Amino acid sequence: MLLLGCIALAGCAMHADDRLESIVASGVIVAGGVPEPGRLTPAGFPPSGFDVDLVDAFAKQLGVTVRWHRFDDIQALLRAVAEGQLDLGLGVPLGTATDLGRVVQSPRYASVEPVVAYRRGNTRPRRFADLPPGRWLQPVDAPLLSPPRATGAKTEPGRAGSGALPALDVQAALAEVHAGRYAAAVTTRSQLNAMRIMFPALAVAFPVPQAATKDVGLAVALPRDAGQRFYSRLFVYLRDARINGRIERLRRRHSERLASMNQAALQIFARHSRERLPRFVSMFRAAARSTGLHWSELAALGYQESQWEPNAVSPTGVTGLMMLTRATARELGVTNRLDPAESIMAGSRYLARLYSGFADDVPSSERLWFAAAAYNLGRAHVRAALRAVSPPGTWNRVRRQLLEDGNASLARRQQAVTYVRRTRMYKDALQFASRRDSLRSRIRHD
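Reading the values: rules and limits
The residue count restarts for each chain, going from 1 along the sequence in the order it is written. In view of the model being predicted, local features appear only for residues whose pLDDT reaches at least 70, and side-chain atom pairs are presented and counted only at 80 or more, with totals across whole chains, interfaces and linings using the full set of residues. Computation of side-chain values: all heavy atoms of the structure, hydrogens and water removed. Numbering of helices and strands starts at the N terminus; helices are DSSP runs of H or I of at least 4 residues and strands are runs of E of at least 2. Type-normalised accessible area, obtained with a 1.4 Å probe on protein chains alone, sets the label of each residue: buried when under 20%, exposed when over 50%, and partly exposed for intermediate values. Polar contact is the term for a pair of N or O atoms within 3.5 Å; when the atoms are in protein, one must be able to donate a hydrogen and the other to accept it, and sequence-neighboring residues count only if both atoms are side-chain atoms. Note on ring pairs: Phe, Tyr and Trp rings are taken, using the six-membered ring of Trp, and paired if centres are within 6.5 Å. Classes follow the plane angle, with under 30 degrees stacked, over 60 edge-to-face and the rest tilted. Think of it as a cone above the ring: NZ of Lys or CZ of Arg counts as a charge over the ring if it is within 6 Å of the ring centre and within 35 degrees of the ring normal. Think of pLDDT as the predictor's per-residue confidence, scored from 0 to 100. Only heavy atoms matter for contacts: two residues are in contact if any of them lie within 4.5 Å across the pair. Within the patch definition used here, like charges are joined within 9 Å and nonpolar side chains (Val, Leu, Ile, Met, Phe, Trp, Tyr) within 5 Å, considering only residues with over 30% relative accessible area and no salt bridge. Reported accessibility uses the Shrake-Rupley method at a 1.4 Å probe radius. Residues are deemed covered only where the shown protein chains occlude them. A side-chain nitrogen of Lys or Arg and a carboxyl oxygen of Asp or Glu constitute a salt bridge if their distance falls within 4 Å. None of His or the chain ends enter the tally, which takes Lys and Arg as positive and Asp and Glu as negative. Charged side chains are reduced to one point each, which is NZ for Lys, CZ for Arg, CG for Asp and CD for Glu. Note that the arc is defined by the directions from the helix axis to the C-beta atoms. The definition of a nonpolar core used throughout is a set of buried Ala, Val, Leu, Ile, Met, Phe, Trp, Tyr and Cys residues joined through side-chain atoms within 4.5 Å. To get an axis, fit a line to the C-alpha atoms, keeping to the stretch in contact for a helix; angles then go from 0 to 180 degrees between the N-to-C directions. Orientation is classified from the angle alone, with under 35 degrees giving roughly parallel, over 145 giving roughly antiparallel, 65 to 115 giving roughly perpendicular, and any other angle giving oblique. Put simply, a crossing is left-handed when the front helix is turned counterclockwise from the back one by less than a right angle, and right-handed when it is turned clockwise. Note on pairing: DSSP must find at least two bridges between two strands before they are called paired.

1. So, the side chain of R39
The residue R39 is located in the loop between β1 (28-33) and α3 (50-62) in this model. When its relative accessible area of 14% is taken as the criterion, R39 is described as buried. In this structure the side chain of R39 is engaged in a polar contact, spanning 3.0 Å, whose partner is the side chain of D51.

2. Some details on the packing of aromatic side chains
Counted under the stated rule, the structure contains 14 aromatic pairs. Ring geometry for F128 and F206: centres 5.2 Å apart, planes at 80 degrees, overall edge-to-face. Taken together, the positions of F128 in the loop between β5 (114-119) and β6 (136-138) and F206 in strand β9 (residues 202-207) put the pair 78 residues apart, joining distant regions of the chain. For F128, a relative accessible area of 5% puts it in the buried group. Joined through ring pairs, the aromatic side chains of F269, Y303, W308 and Y426 make up one cluster. The residue whose ring lies beneath R135 is Y182, and the NZ or CZ to ring-centre distance is 5.9 Å.

3. Side note on the confidence of the model for the protein chain
With 84% of its residues at a pLDDT of 70 or more, the protein chain has an overall mean of 84. This stretch, residues 1-16, has a pLDDT under 50; its non-local contacts, to residues over four places away or in other chains, come to 26 contacts. Under a pLDDT of 50 for its full length, residues 147-167 has, in the predicted model, 49 contacts with residues more than four places off or in other chains.

4. Points about the environment of L234
For L234, the location among the structural elements is in helix α8 (residues 228-243). Expressed as a C-alpha distance, the spacing of L234 and V55, which sit 179 residues apart in the sequence, is 9.8 Å. Residues in contact with L234, not counting those within four places in the same chain, are F58, L88, V220 and L222.

5. Considering a positive patch on the surface
Together, K60, R246, R249, R397 and R400 make up a positively charged patch on the protein surface. Elements that contribute at least two residues to the positive patch include exactly α9 (246-259) and α17 (395-404). By secondary structure assignment, the location of K60 is in helix α3.

6. Overview of helix α11 (residues 281-291)
For α11, the set of buried residues is F284, A287 and A288. The buried side chains of α11 occupy one side of the element, clustering within an arc of 105 degrees when seen end-on. As for α11, its buried residues are in contact with α12 (295-306) and α14 (340-357). Among the residues trailing α11, G292 stands out with phi positive, at a value near 85 degrees.

7. What to know about the nonpolar core
One finds F284, W308 and Y375 to be the most contacted residues of the largest nonpolar core, which totals 88 residues. Of all hydrophobic cores here, the second largest spans 35 residues; its members include V52, V64, A110 and V220.

8. Observations regarding the packing of α11 against α12
The axes of two packed helices give the description: the angle between them and the distance between them. Their axes nearest at 8 Å, the elements α11 and α12 cross at an angle of 120 degrees. When the axes of α11 and α12 are compared, the pair comes out oblique. Viewed along their axes, α11 and α12 form a crossing whose handedness is right-handed. Residues V281, F284, R285, A287, A288 and T291 of α11 pack against W295, L298 and A299 of α12.

9. Observations concerning the sheet that holds strand β4 (residues 103-105)
With mixed pairing, five strands are arranged side by side in an open sheet as β2-β1-β3-β10-β4. Strands with a single pairing partner mark the edges of an open sheet, and in this sheet they are β2 (65-70) and β4. Across the sheet, the axes of successive neighbouring strands diverge by a mean angle of 30 degrees, strand direction being ignored. The sheet contact formed by β4 and strand β10 (residues 218-223) spans three bridges and is antiparallel. Its bridge partner being in β10, Q105 is matched across the sheet by A221. Taken strand by strand, α8 contacts β1, β3 (88-93), β4 and β10, and its axis lies near 165 degrees from that of β10.

10. Re the pairing of β5
Judged by how many residues are buried, β5 sits mostly within the fold: five of six residues are covered. Two elements, β5 and strand β8 (residues 184-188), share four bridges in a ladder whose sense is antiparallel. When the bridges of β8 are listed, A117 appears paired with A185. With five bridges joining them, β5 and β9 adopt antiparallel strand pairing. Within β9, the position partnered with V115 by the bridge is P207.

Structure representation (structure tokens):
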């Protein structure tokens, strides 16, 4: 079915120059997306997420590298595809490119489950009839609702029940619901799980009945004149990725991490980010310049260690914001473990050393999690787990091995796995904090 769609779409562009040749000749494929937790990190951070992994594997087949561009919303992304600035636009809901004659969409590569989101603490609606007229949002890039017979209210993409905020996308709509200005918004379960990093008070009000939605799912947007060979190569890759389970493995890897996030912990983290973190940001940035790691990665580990409390002391004697042992502090030249600047710099240097120690057998995209586990559990224990798995290299495999076997006690191994999971959660939250603030600012000025 996918291949038939490929041939049908490619047929409209057979007259055009083939983009595939220029991509291979340049050695670069240009991809774009709208940042979303679990799918694509915001601008200013190394690209990572489901869409990044999906495109990386396609680029590897072509023998090229990927250059990523991030966009504020789906419409800006589609304009860039239509104008030929991008070879691929990722994470595009089915049907959203139909009004742009210079853009075509691949068949669905990811399924979604439409839901209605609301803010915890408010009255929970159980069906569309419970939603107050004019107080709920149908964003432009959310699953499209069928006519009022199914939903109980007339809606247009981007408008509330009685018409408001006509240009809102899902992320901006969820920001409005979180702020209490609207009662609910249509989204998908995966988007809502992801966006809780930015808006932890949101929850599912009710799933959207199947009869109330049109065809839903995510597709890749391509320039209409990209050429038949490029279309065919991409669509066959997506077909094979579904058949061989690559897409499902990527979905599971990224969605399970988001679904397991502790909402109460995120709310406490948000408060500490406002009240404690500003004092230490310049110190984390200085350590980042010294080590080559990103400041958000260092700050996330620091929060997991001490919740950014410079006078923290554990029962075992580790002390300070980065919770250094006496031996490690002495080795790194620390004179006062309670000095946050000294602690942050030394802990960051130690983490960077652990990170470099996995360079030969762990890909760079996974290396931080091995280093964080070694920071908590000890390098030897993580190395032993890495040697026990085949093929090596992914944190998910080593994580399972740590839970099954090891020289350290099961409680310590479980603690290390939890430590890495929470560090990843805090890193994501830090990276998307600027995205959340920009959404709020955009809404205020629209």
